[in-house]
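Single-letter residue listing:
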Amino acid sequence: MSDETFASVWDAIEDNPAEAENLKLRSKLMGALEQHIRREGWTEAEAADRLAIPRPSISDLMRGRITLFSIDTMVTLLARAGLHVDILVREAA
């Protein structure tokens, strides 16, 4: 067993630092949209209608199927939900 520690689960499961950053960002965007949908009380059908995507895609989103959604897609969906995305870029730790 290794005593190696990681800054995030994505760093632990992804050897490529660029891909780990991509996964971290997608995860945050997905989480924000999922929370918004739950907070608004939207059903899957309502969310699909409001976000203009198929209902099965809402199910995938709510189940955290991160590999099915690009950063670009997530930004589009967040905007359709009436949310704004800010970006902070800083030196890697």
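Residues numbered from 1 in each chain as written. Predicted model: local features only at pLDDT ≥ 70, side-chain atom pairs only at ≥ 80, totals over all residues. Heavy atoms only, no water.

A. Geometry of the overall build of the protein chain. Broken down by element type, the protein chain carries five helices and zero strands. Going from the N terminus to the C terminus, the protein chain shows its helices and strands as α-α-α-α-α. The contacts in the protein chain between residues at least 6 apart in sequence include a share of 57% that link residues at least 24 apart. Surface summary for the protein chain: the accessible area is close to 6700 Å², and the carbon and sulfur share equals 50%. (Helix = DSSP H or I, 4+ residues; strand = E, 2+ residues; numbered from the N terminus. Contact = heavy atoms within 4.5 Å. Areas by Shrake-Rupley, 256 points an atom, 1.4 Å probe, with all protein chains shown as cover.)

B. Structural context of helix H3 (residues 44-51). Where H3 is concerned, the buried positions are Ala47, Ala48 and Leu51. The arc that holds the buried residues of H3, viewed along the axis, is 100°, so those residues lie on one side. Of the surrounding secondary structure, the elements contacted by the buried residues of H3 are helix H2 (17-40), helix H4 (55-62) and helix H5 (71-80). At the C-terminal side of H3, Ala52 shows a positive phi close to 60°. (Buried < 20%, exposed > 50% of the residue type's maximum accessible area, 1.4 Å probe, protein only. Arc of directions from axis to C-beta.)

C. Summary view of the pattern of salt bridges. The final tally for this structure, using the stated rule, is four salt bridges. With a shortest N-O distance of 3.0 Å, Arg38 and Glu34 are connected by a salt bridge. Taken as a pair, Arg38 and Glu34 lie in helix H2 at a separation of four residues, close to a single helical turn. Judged by its relative accessible area of 53%, Arg38 is exposed. Across the salt bridge formed by Arg65 and Asp60, the nearest N and O atoms sit 3.3 Å from each other. (Salt bridge = Lys/Arg side-chain N within 4 Å of Asp/Glu carboxyl O.)

D. Spatial organisation of the side chain of Lys24. Within the element layout of this structure, Lys24 appears in helix H2. Looking at Lys24, the relative accessible area reads 19%, which means it is buried. Side-chain polar atoms of Lys24 contact the side chain of Glu21, separated by 2.7 Å. (Polar contact = N/O pair within 3.5 Å; in protein donor to acceptor, adjacent residues only side chain to side chain.)

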